[in-house]
Amino acid sequence: MLGGVRTSRLPTPISMYLGLDLGTSAVKAVLVDDTQSVVASATAPLSTSRPFAGASEQAPEDWWRAAVETCARLRQAAPAAWTSVKAVGLSGQMHGAVLLDAQGEVLRPAILWNDGRSVAQCRMLERAVPALAHVAGVHAMPGFTAPKLLWVREHEPDVFARIATVLLPKDHLRFRMTGVRVTDASDAAGTLWFDQAARTWSLPLVAASGLTPDQLPPVIEGTEPSATLRDDIADGLGLPRGIPVAGGGGDAAAGAVGIGAVEEGDAFVSLGTSGQVFTVTAWYDSDPAGVVHAFAHCVPGRWYRMGALLNGASCLAWVARLVGAVDLPALLDRVEAQTDASGSLLFLPYLTGERTPHDNADARGVFFGLDSETTPERLVRAVLEGVAFAVAEAAECLAKDEPLAEMLGVIGGGSKSRLWLRILASVLDRPLVRYAASDIGPAYGAARLARACVSRESVRETCGEPAAIDVVMPDPEWVERYRARGPRFRRLYRTLAAEFRAGD
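Anyway, here's the lowdown on the structure attached to this text. The shown structure was predicted, so the numbers you read here are calculated from the model rather than taken from an experiment. (Residues numbered from 1 in each chain as written. Predicted model: local features only at pLDDT ≥ 70, side-chain atom pairs only at ≥ 80, totals over all residues. Heavy atoms only, no water.)

1. Some points on the pattern of salt bridges
Cut-off, in case you're wondering: Here a salt bridge means any side-chain nitrogen of Lys or Arg lying within 4 Å of a carboxyl oxygen belonging to Asp or Glu. The helix and strand labels rest on DSSP assignments: H or I over at least four residues marks a helix, E over at least two residues marks a strand, and numbering proceeds from the N terminus. Type-normalised accessible area, obtained with a 1.4 Å probe on protein chains alone, sets the label of each residue: buried when under 20%, exposed when over 50%, and partly exposed for intermediate values.
Taken as a whole, this structure holds 32 salt bridges when the rule is applied. The salt bridge partner of Arg65 is Asp62, with a shortest N-O separation of 2.1 Å. Here the residue Arg65 and the residue Asp62 both occupy positions in helix 1 (residues 60-77), the gap between them amounting to 3 residues, near one helical turn. Asp62 gets classed as partly exposed once you look at its relative accessible area, which sits at 26%. Notably, a salt bridge pairs Glu377 with Arg334, separated by 3.1 Å at the nearest N-O pair. Within this pair, whereas Glu377 is found in helix 14 (residues 376-399), its partner Arg334 is found in helix 13 (residues 328-338), the two being separated by 43 residues in sequence. Given the relative accessible area of 10%, Glu377 is considered buried. The network of salt bridges with shared partners includes Glu57, Arg108, Asp115, Arg117 and Glu156.

2. Looking at the sheet that holds strand 24 (residues 432-435)
Put simply, the test is: Two strands qualify as a pair provided DSSP detects at least 2 bridges between them. Interaxial angles span 0 to 180 degrees and are taken between N-to-C directions of axes, which are lines fitted to C-alpha atoms, for helices over the stretch in contact. Note on definitions: a residue-residue contact is assigned when non-hydrogen atoms from the two residues lie within 4.5 Å.
The sheet built from 7 strands is open, its strands ordered 19-20-18-17-23-24-25 with mixed pairing. A single partner strand is all that each edge strand has here, and the edge strands are strand 19 (293-296) and strand 25 (468-472). Each strand of the sheet is rotated relative to its neighbour by a mean of 30°, with strand direction disregarded. Pairing of strand 24 with strand 25 involves 4 bridges; the strand directions are antiparallel. Bridged to Leu432 within strand 25 is Val472. Contacting strand 17 (267-271), strand 18 (275-281) and strand 20 (303-309), helix 14 crosses the sheet at an angle of about 145° to strand 20.

3. Looking at the nonpolar core
The condition is simple: Side-chain atoms within 4.5 Å are what join buried Ala, Val, Leu, Ile, Met, Phe, Trp, Tyr and Cys residues into a set we call a nonpolar core.
Counting 72 residues, the largest nonpolar core has Leu99, Leu149, Leu192 and Trp193 as the members making the most contacts within it. Broken down by element, this core gets its largest block of residues, 6 residues, from helix 16 (residues 441-454). In this structure, Leu149 is in contact with Ala97, Leu99, Phe160, Ile163, Val166, Trp193 and Leu211, ignoring residues within four places of it in sequence. Val292, Phe347, Ala388 and Leu408 belong to the second-largest nonpolar core, a separate cluster that totals 57 residues.

4. Some words on the pairing of strand 18
In terms of residue burial, strand 18 counts as a mostly covered element, since 7 of its 7 residues are buried. Judged by which residues are buried, strand 18 turns out to be covered on both faces: Gly275, Val277, Thr279 and Thr281 on one side and Gln276, Phe278 and Val280 on the other are all buried. As paired elements, strand 17 and strand 18 share 5 bridges and run antiparallel to each other. Bridged to Leu271 within strand 18 is Gly275. Here 7 bridges tie strand 18 to strand 20, and the two strands are oriented antiparallel to one another. Each residue of the ladder has a partner; that of Thr279, found in strand 20, is Arg305.

5. Some points on unusual backbone geometry
Residues Thr356 and Pro357 are joined by a peptide bond in cis, for which omega reads 0°. Secondary-structure assignment places Pro357 in the loop between strand 21 (346-348) and strand 22 (366-368). Phi is positive for His95, which is not a glycine, with a value near 75°. Residue position: His95 is located in the loop between strand 6 (85-92) and strand 7 (98-100). Residue class for His95 comes out buried when judged on its relative accessible area of 5%. With phi around 45°, Asp359 is a residue other than glycine that occupies positive phi space. Looking at the secondary structure, you find Asp359 in the loop between strand 21 and strand 22. Asp359 sits in the partly exposed class, given a relative accessible area of 27%.

6. A word on helix 16
Threshold: Each residue after the first adds 1.5 Å to the expected span of a helix.
Between the first and last C-alpha of helix 16 there are 21 Å, a value that for 14 residues agrees with the 20 Å anticipated at 1.5 Å per step. With 13 of 14 residues buried, helix 16 is to be regarded as a mostly interior element.

7. Here's the deal with the packing of aromatic side chains
For clarity, the threshold we go by: Working definition: a ring pair exists when centres of Phe, Tyr or Trp rings (six-membered ring for Trp) sit within 6.5 Å. Plane angles under 30 degrees give stacked, over 60 give edge-to-face, the rest tilted.
Applying the stated criterion to the full structure yields 14 aromatic pairs. Centroid distance Trp478 to Tyr482: 6.4 Å. Interplanar angle 75°. Geometry classified as edge-to-face. With Trp478 and Tyr482 both in helix 18 (residues 476-502) and 4 residues apart, this pair spans about one turn of that helix. An aromatic cluster of at least three residues, connected via ring pairs, comprises Phe144, Phe268, Phe278, Phe295 and Tyr304.

8. Here we look at helix 7 (residues 169-178)
The buried count for helix 7 comes to 9 of 10 residues, which makes it a mostly enclosed element. Residues Pro169, Lys170, Asp171, His172, Leu173, Arg174, Phe175, Met177 and Thr178 constitute the buried set of helix 7. Backbone geometry just after helix 7 places Gly179 at a positive phi near 80°.

9. Digging into the environment of Thr462
Residue placement: Thr462 occurs in helix 17 (residues 459-462). Judged by relative accessible area, Thr462 falls into the buried class, the value being 0%. Along the backbone, Thr462 and Arg448 are 14 residues apart, and their C-alpha atoms lie at a distance of 6.5 Å. If we skip the residues at most four places from it in the chain, Thr462 touches Gln36, Arg448, Arg451, Ala452, Ser455 and Glu457.

Okay, structure coming up:
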């Protein structure tokens, strides 16, 4: 590890693939060789602005600077490998609204997936298109792209009038790299403008936001080439000219590709900034209740069902700041040494609202059961447990239609904590498999999509299951303790739901 860059000692292969993941907290970049081993990886942090309560925004220019920074670090760490890159893959945070004018200039800061300003606009969309959830795969919720555009039309009409194109976050990186405006099916799926079954834009849904189809980019599959790098960008990054950029995928779908979840029944849990419980299907199957997301996958002929949590590893980062911890691994070591599953403290992890199963943008985080003996370590343990209970609720929503796999993969930055995985495995009462590169799953998946767009391999050959690092088993004693505490966690939310909606 050198300067935030990880490198392997493998000899440089003939072909390399670059994966870029535009996350909420950082841009991650990874170089993957033709044996699918990670040769080098790098990260560059991002900051989020919150101009008013419930708002969450980022400057697209910051994304580009971070992407260039990660590429420079990879180039420095593995110069020979860098010149052997054959294709680029993109992944990124879903649902964000990047608004461009006719000259391709950004009109305002991007409104992110965890922004809750557009509750009223969601109701407008549901009234305008009663079949929205069946077509788009989920009920209208503030995090999605469509209600954000209605909010802009109402509150920033001058900006709305100048919109030539709406792009998703990763697709703005593509635009900067190639000059081409394109998206993939899995990212388009998260806009509420997409006909999931037909894998194309829905004219009624687009019109309900006051837009026309020519303001949205063409849609391709994530395994297809979308464009080639502009010569000036390739020269500036030190990459070969003319290399293609794959369609790529939204971070949930790209993370699935990273661990080989591309066939019906494959399932995993993601503990990134947000959280997901994800299972692959071979057909489109919407949820009548509308809280389970049913979206197109980033590989052809596949869809997925997902329980989506707005709050995952972001809760751990928050509580670490709260208790003044700088060294997160050391903090977790103290938590493991000083706490167990017998505590009664509960934490509702809804710092930025919640989707599955509550669809409540007004929900907020709660500690319940504080007493004079509560320690910082106990607070952290309650946060880990609270996120695990929320994941279990989302998993139960998925399992109502079809049982989940008996063993689940796990990806995301939270997967680096073995303590957290022991807690989660015990709450779910299922073994969890941690794979190579699981902490950079979407970036790794993006690199696999890059390979797919230039190879003649099948999706299964390119996107097979990687090597497992270990399997984390449920602790039988913890399973029983958490089984008893889970109902209290759920009752606490139900008790407070009306108070959340009451606001100030």
